[in-house]
Amino acid sequence: MGKKIVIDPVTRIEGHLKIEVEIENGKVKDAWSSGTMARGVEALLKGKDPRDAPFVTSRICGVCYSVHQLTSARALDEAFGAKVPWGGTLLRNLAMGAQYIYDHVLHFYHLSALDYIDIMAVANYKGKDKGLLAVKDKIVGLVKVKDTFPLTPRYKPDEFCVKDPDMVISAVKHYIDALSTHAKARNMGAIFGGRTPHYQSIVVGGFTQYPDINMVARFRTMLDEQAKFVNEVYIPDVLAFGTGPLFPLAKMGLGGGHYNYISYGGLEKDPAGKDMVFPPGVIIGLDPKNIKIQPFDQKKITESVKYAWYKQDEPQHPYNGKQEFDLEQKKAYSFVKAPRYDGLPMEAGPLARMLITKNSTFLGLVKKGVKPGAVARHAARAIETKLVVDACYKWCDDLLDAMTKPGFKIHDTEHWEPPNNGMGAGFYEAPRGALGHWIKIKDKKIDNYQAVVPSTWNASPRCEKKYRGQYEESLIGVPVPDPDNPINVVRVIRSFDPCLACAIHLIDPKTNEIRKFIVE
Amino acid sequence: MGEAQKNLDRELEFHGISRREFIKYCAATAAVLGLSELELTTKIAHALEAAAKKPPVIWLEGQDCAGCTISFTGALNPPAASIILDKLSIRYHETIMAAAGHLSESVYHDTVKQGGYVLIVEGSIPSTDDRFCMMGGRPFREIVEEAAKKAAAIIAVGACATYGGIPAAGPTKGIGLDKALPGKAVINLSTCPVHTDHLVGTILYFLSTGKVPPLDEIGRPKAYFEQSIHDNCRRRSYFDEDTFLKDWNDPTQRDWCLYEKGCKGPDTYSDCAIRRWNDGINFCIDCGAGCQACASPDFYAGMTPLYTAESERSQNIMARKKAGLIPKKEKV
């Protein structure tokens, strides 16, 4: 039996996460992940007007708000029989595009970068750049007055931490710059979304914000600033780190996991939805030299509850998923169900998308020796941000074009009233990966609501076949030479961009109880 | 030029803000908070003088979605970086801090022991069972109660932490600080999520005056929550004339009143209609979606169904309109 360590809370993620790992001979031998908060978002929707769902499910997560709202609206679109006009789709996409850009930039600089740099190296900066010297003065000033919160305390920088003063100081400068840049990307989204966090204008059947040319012009001007930051700062930073000082971690493939990947597809480029920024697809057992993509078939999704606190049942498709807890199950250790595709655990997110898209920039890195894992996830995230930026320009053009044609529409008003009965599923690619919402309507009210989110795929516990979830599997073999300093563990977990408020939104409808996380 | 002014200029340069922009922001904040412009600028300049005196902050997240945190990081004037590094000493904030696990817990305990910090709470507290929200193996409720004891000021941010918000409508029956900390003085910044300006303005006010801003009877700063959305709504004359938007596709209806799409503006008190959101770019009513009264204590349960005029709230608005209790706006 190795030494067990617990990291609770795992910080710089969305939500409340606890990670427990068993360490033997300086490496992770086994791992368990558990969320520690629940609100019951799906449960409270039962009996409500279905049109409330996009507004309420947006509040599942204040970081990736728009994609819950959108995926929920898509589930409703199907259930209501609504056909979203191309204008409505373009507006939804522009709002989503802004979300992607802000979200990925925030994740790299503010949620992850501190794991990879020794911030105190700024003191050794010898250059003469005025802006960078201001950063040096600032950090050194904080150290002098012994108040470097929230940048410290931290795990001790290890041999992989970047200590080169020039690289570190520019990263810290970009951390500060990106706070403003990401906020401006959210403001850009609000031009159509109404405001952020939590857009207002995505509803069943389309969109509520009737656009004018000034809005499009304003969006495009703000997009120029984002494009500049993404192309000239974010992508170069990630590539310089990944192929430079972090190359040993990239080559090692730290945090690889199962090598199974899933994408539901999202961000349409044409009215028929045939051409997408992120096409759907599945990879089982990746061979980087010969990537085989299977078509995605939603019927193959099941959720196992074998190691989760639910009443025992065979794995079920989300439409038929039950939400009855059984808190007395001794083998259970998570509130997250275990989604599986064709019985297998999958990884959702940017890495999955860049592999399934066979993105040439990303595959170029793979050729250079970057193995799928924590560093590759950061690279995939940066590379796909550019794809979204480019698509936003195209959508601006398409929108201007559509607006000038007669019969321009943003909403399917004929299908605004809820059907007596119906069901619908919405699929999309959230910044964090494959997102699905399922709704059943009875007597014009919500009868059942279920969401399977990217972090459910990634953070899932074991299933009936005892396959570990993707977080757990990717921790196996991760070097932890000093159990008091498990910096590699948080690097791996944060590379997924966890969103635990998303993953855990179920509760026991009977007893309203939740049990403490206990590892036997 | 005094030392404080020099420091201020250096800070502005670091953040790439022109002095003019800064003064403009101070003027706006000062007016809203009832301070003279000079008073506020001087006070902020003095507050910047000694970094060692930055007030410690503990920011706790309970049953939340991190939306209020994201709203906070969206501050541009002054920028969030300046607030995080220069104005406050953020000891504990799960989404921002470098530390994790036992390191983060130890900072929390040290700060609580020391006392005198600003406590900011985001997210509700489950009232049916503590185990719905645990942190570091302890109930979130206990942590909030403990942290509240030695706090110099307590700010509840967002609908959940103030009055329960969406979790209040769910089976965990989330409660806000009004119920979780009875009798404690709490500054309530409702709206879902907290408005960036409301939070930043309240923090700056506290930093510059050392005082809590004047509050209304439910603990919200009067400066932000005294006026009704309806009084300042640009669609108001259409409400007065019963001209309600029916079709979002029709550009001629674009500015019509959103009452029939579920807007609860006449019953909601917040300055959104003047201040708007995201640096003034847009807000709920201007984007055609209507106000869902997220600043109100009974949000969300009291507002559903959101997108029709069938809710009790909407019916009540219409009844009062018909009874002449919602006066028409004088035509200019």
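Note that this is a predicted model, so its numbers are computed, not measured. (Residues numbered from 1 in each chain as written. Chains lettered and ligands numbered in written order. Predicted model: local features only at pLDDT ≥ 70, side-chain atom pairs only at ≥ 80, totals over all residues.)

### With respect to the nonpolar core
- Residues Ala 379 and Val 489 of chain A together with Val 157 of chain B are the most contacted members of the largest nonpolar core, which totals 265 residues.
- Per-element tally for this core: the top contributor is helix α4 (residues 86-112) of chain A, with 15 residues.
- The two domains that each donate at least three residues to this core are domain 1 (3-223) and domain 2 (227-332) of chain B.
- Among residues more than four places away in sequence, those in contact with Ala 379 of chain A are Val 238, Leu 239, Gly 242, Phe 362, Leu 365 and Val 370 of chain A. (Core = buried A, V, L, I, M, F, W, Y, C linked by C-beta atoms within 7 Å. Buried ≥ 20, exposed ≤ 12 C-beta atoms within 10 Å, placed from the backbone. Helix = DSSP H or I, 4+ residues; strand = E, 2+ residues; numbered from the N terminus. Domains from an automatic or database assignment. Contact = placed C-beta atoms within 7 Å.)

### A short note on the environment of Ser 237 of chain B
Residue and element names in this part refer to chain B.
- Tracing the backbone through its elements, the reader meets Ser 237 in helix α12 (residues 236-240).
- By the C-beta count within 10 Å, which is 16 here, Ser 237 ends up partly exposed.
- Taking the C-alpha atoms as reference points, Ser 237 and Gly 176, separated by 61 residues in sequence, lie 36 Å from one another.

### Digging into the packing of helix α10 (residues 360-368) of chain A against helix α11 (residues 374-403) of chain A
Residue and element names in this part refer to chain A.
- Across the interface, α10 lies against α11 with an axial gap of 9 Å and an inter-helix angle of 155°. Put simply, α10 runs roughly antiparallel to α11. For the element pair α10 and α11, the recorded crossing hand is right-handed. Residue-level contacts link Thr 361, Phe 362 and Leu 365 of α10 to Ala 379, Ala 380 and Ile 383 of α11.
- For the contact of α10 with α11, the class distribution of residues is 5 nonpolar, 1 polar and no charged. (Axes fitted to C-alpha atoms, helices over the stretch in contact; angles between N-to-C directions. Parallel < 35°, antiparallel > 145°, perpendicular 65-115°, else oblique. Left-handed = near helix turned anticlockwise from the far one by under 90°. Nonpolar A, V, L, I, M, F, W, Y, C, P; charged D, E, K, R; others polar.)

### Details of the sheet that holds strand β1 (residues 56-61) of chain B
All names here are of chain B.
- Reading across from one edge, β2-β1-β3-β6-β7 is the order of the 5 strands in this open sheet, with parallel pairing throughout. With one partner strand each, in any of the chains shown, β2 (89-93) and β7 (187-189) form the two edges of the open sheet. Along the sheet, successive strands turn relative to each other by an average axial angle of 20°, direction set aside.
- The pairing of β1 with β2 spans 4 bridges and is classified as parallel. By the bridge assignment for β2, Trp 59 is matched with His 93.
- In the packing of helix α6 (residues 101-114) onto the sheet, contacts are made with β1, β2 and β3 (117-122), and the angle to β2 comes to roughly 125°.
- Its contacts with the sheet place helix α7 (residues 140-149) against β1, β3 and β6 (151-157), and it is angled at close to 160° to β1. (Pairing = 2+ DSSP bridges.)

### Overview of helix α5 (residues 130-144) of chain A
- Between its terminal C-alpha atoms α5 of chain A stretches 21 Å, which fits the 21 Å expected from 15 residues at 1.5 Å a residue.
- Backbone geometry just after α5 of chain A places Lys 146 of chain A at a positive phi near 55°. (Expected span 1.5 Å × (residues − 1).)

### Description of the confidence of the model for chain A
- Mean pLDDT over chain A: 89, with 93% of residues reaching 70 or higher.
- Contacts of residues 505-520 of chain A to residues separated by more than four positions or lying in other chains number 52 contacts, the stretch itself having pLDDT below 50. (pLDDT = per-residue confidence, 0-100.)

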